[in-house]
Amino acid sequence: MFSLHLLPPSTFSVTFSNSSCRYPINASLLNPYHLVNNTQIHLNTCCNRQISKSRTRFDKIARHPFGVSSRFSSQTIGAAATGAPQESSPEDEIETPKTNKNLKLAVIFGLWYFQNIVFNIYNKKVLNIFPYPWLLSSFHLFCGSVWMFILWSFKIQPCPKIDASFIIALLGPALFHTIGHISACVSFSKVAVSFTHVIKSAEPVFSVIFSSFLGDSYPIQVWLSILPIVFGCSLAAVTEVSFNFEGLWGAMISNVGFVLRNIYSKKSLQSFKEVNGLNLYGWISIISLFYLFPVAVFVEGSQWVAGYHKAIATIGKPSTFYAWVLLAGLFYHLYNQSSYEALDDISPLTFSVGNTMKRVVVIIATVLVFRNPVRPLNALGSGIAIFGTFLYSQATAKKPKINEGDEKKN
């Protein structure tokens, strides 16, 4: 209980009584102007001090009330209280670019799969009536070379600054790329496209073996993951309706060529990291064309004219034959271009998983288009091999990466 006693100004005092205690207050402090000004200053000082002390804690509470990031911040709450327009938080600013990136990757993956399917279908159509893989594989590289010159000429793709040392460093990777490409085309001409892709899914087996010989070590999980690949490919091979040894060996040699290309690229291209993946692949295509075409003329050049007339007689319309050849050559380069664009934005693991799923899509599409007979054991072997490839990609993701940027480029 307290009481206020007002006395004349000369003896003006104020007392608060609470039981037996009294608290005198100087009367001059009750001057209205002095009281208001001092009170305002005191309140501002105290509030500012208290706000400054608690602002950090409040921001943490507002942003992470339960240990989970929230889009609301103290700035948003303050703006709502004062009626000021709200400002977007950093999370909101990141949301749109992240969505755009995911959309871009979805488009790139879609194009990658679609272009690969188109290439495999039309390439096989041409090989069925014109079984000369050396000439066709040379034409694929020629289309890629012309395409890159167009991109560089119109500055759609920045042209890299190259010198003699860069060309010399590319001679090895381009040679192995040539071996891998021509061997795959030979396999396509001898067996079903689906069978070639099943055998090519065994590429991780060769990668582990060759890398181990060169000094790399792999955990036991990686070695175990290649066992289902070997078993699945073996089961698919012995039950394949269109099986022949040329097709099998072509796919196997293709695996060796591409694995050695990747290994050699890591060793010889360490000093040219400024060249992006698409430009690197463009120059590999150009050099590979110079490797391949002279050999193609030597191997099967004498048969091209007679084979051309036979193909035209079979198909009936020359324009259809030209369209098939052009589509195969153009989409061969485009699907490789899309794969390199995907590599610029994703990790090697994501790319490996995407490449595994690409083989599944291509196998299913070509079986449906060409109506290849598939035995149950053949389908089982193919599935086991593809699943083993997926396990390999997961196992190698846990292996420490020393130069992840180099692996993405190669």
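Parameters and conventions
- Residues numbered from 1 in each chain as written.
- Predicted model: local features only at pLDDT ≥ 70, side-chain atom pairs only at ≥ 80, totals over all residues.
- Heavy atoms only, no water.
- Buried < 20%, exposed > 50% of the residue type's maximum accessible area, 1.4 Å probe, protein only.
- Helix = DSSP H or I, 4+ residues; strand = E, 2+ residues; numbered from the N terminus.
- Contact = heavy atoms within 4.5 Å.
- Axes fitted to C-alpha atoms, helices over the stretch in contact; angles between N-to-C directions.
- Parallel < 35°, antiparallel > 145°, perpendicular 65-115°, else oblique.
- Left-handed = near helix turned anticlockwise from the far one by under 90°.
- Nonpolar A, V, L, I, M, F, W, Y, C, P; charged D, E, K, R; others polar.
- Salt bridge = Lys/Arg side-chain N within 4 Å of Asp/Glu carboxyl O.

Q: Could you clarify how one ought to interpret helix 7 (residues 203-213) in this entry?
A: Three- or four-residue spacings in an α-helix give side chains the same orientation, since the helix completes a turn every 3.6 residues. All of the buried residues along helix 7 are Glu 203, Pro 204, Val 205, Phe 206, Ser 207, Val 208 and Ser 211. Once helix 7 finishes, Gly 215 follows within two positions and takes phi at roughly 110°, a positive value.

Q: I would appreciate a short explanation of unusual backbone geometry in the present structure.
A: Note on backbone geometry: most residues besides glycine have negative phi, and most peptide bonds are trans. Backbone geometry places Lys 155, a non-glycine residue, at a positive phi of 55°. A relative accessible area of 72% places Lys 155 in the exposed class. Phi is positive for Arg 371, which is not a glycine, with a value near 55°. Note on placement: Arg 371 falls in the loop between helix 13 (348-370) and helix 14 (376-397).

Q: Honestly, the environment of Gln 115 in this entry has me stumped. Any pointers?
A: Counting through the fold element by element, Gln 115 comes out in helix 3 (residues 90-129). Among the residues examined, Gln 115 registers a relative accessible area of 8% and is labelled buried. The sequence separation of Gln 115 and Asn 336 amounts to 221 residues, and the corresponding C-alpha distance is 8.8 Å. In this structure Gln 115 touches Phe 331, Leu 334, Tyr 335 and Ser 338, once residues within four positions along its chain are discounted.

Q: Teacher, can you tell me more about the packing of helix 5 (residues 164-190) against helix 6 (residues 193-200) here?
A: Helices that pack against each other are described as a pair by the angle of their axes relative to one another and the distance between those axes. Here helix 5 crosses helix 6 at 140°, and the two axes come no closer than 8 Å. Viewed along their axes, helix 5 and helix 6 adopt a mutual orientation that is oblique. Once helix 5 is placed against helix 6, the crossing between them reads as right-handed. Facing Ala 184, Ser 187 and Phe 188 of helix 5, the residues of helix 6 in contact are Val 193, Thr 196, His 197 and Lys 200. Of the residues that constitute the contact of helix 5 with helix 6, the class distribution is three nonpolar, three polar and one charged.

Q: What am I meant to see in the environment of Ile 253 here?
A: Looking at where Ile 253 falls in the secondary structure, it is placed in helix 9 (residues 245-268). Residues Ile 253 and Glu 203, spaced 50 residues apart in sequence, show a C-alpha to C-alpha distance of 9.9 Å. What Ile 253 contacts, discounting residues up to four positions off in sequence, is Ile 179 and Ser 183.

Q: I would appreciate a short explanation of the pattern of salt bridges in the present structure.
A: Where charged atoms from two side chains of opposite charge come close, those side chains can pair. The tally for this structure, following the rule as stated, stands at one salt bridge. Across the salt bridge formed by Glu 246 and Lys 190, the nearest N and O atoms sit 3.8 Å from each other. Placement of the pair is Glu 246 in helix 9 and Lys 190 in helix 5, with a sequence separation of 56 residues. Taking relative accessible area as the criterion, Lys 190 reaches 36% and is therefore assigned partly exposed.

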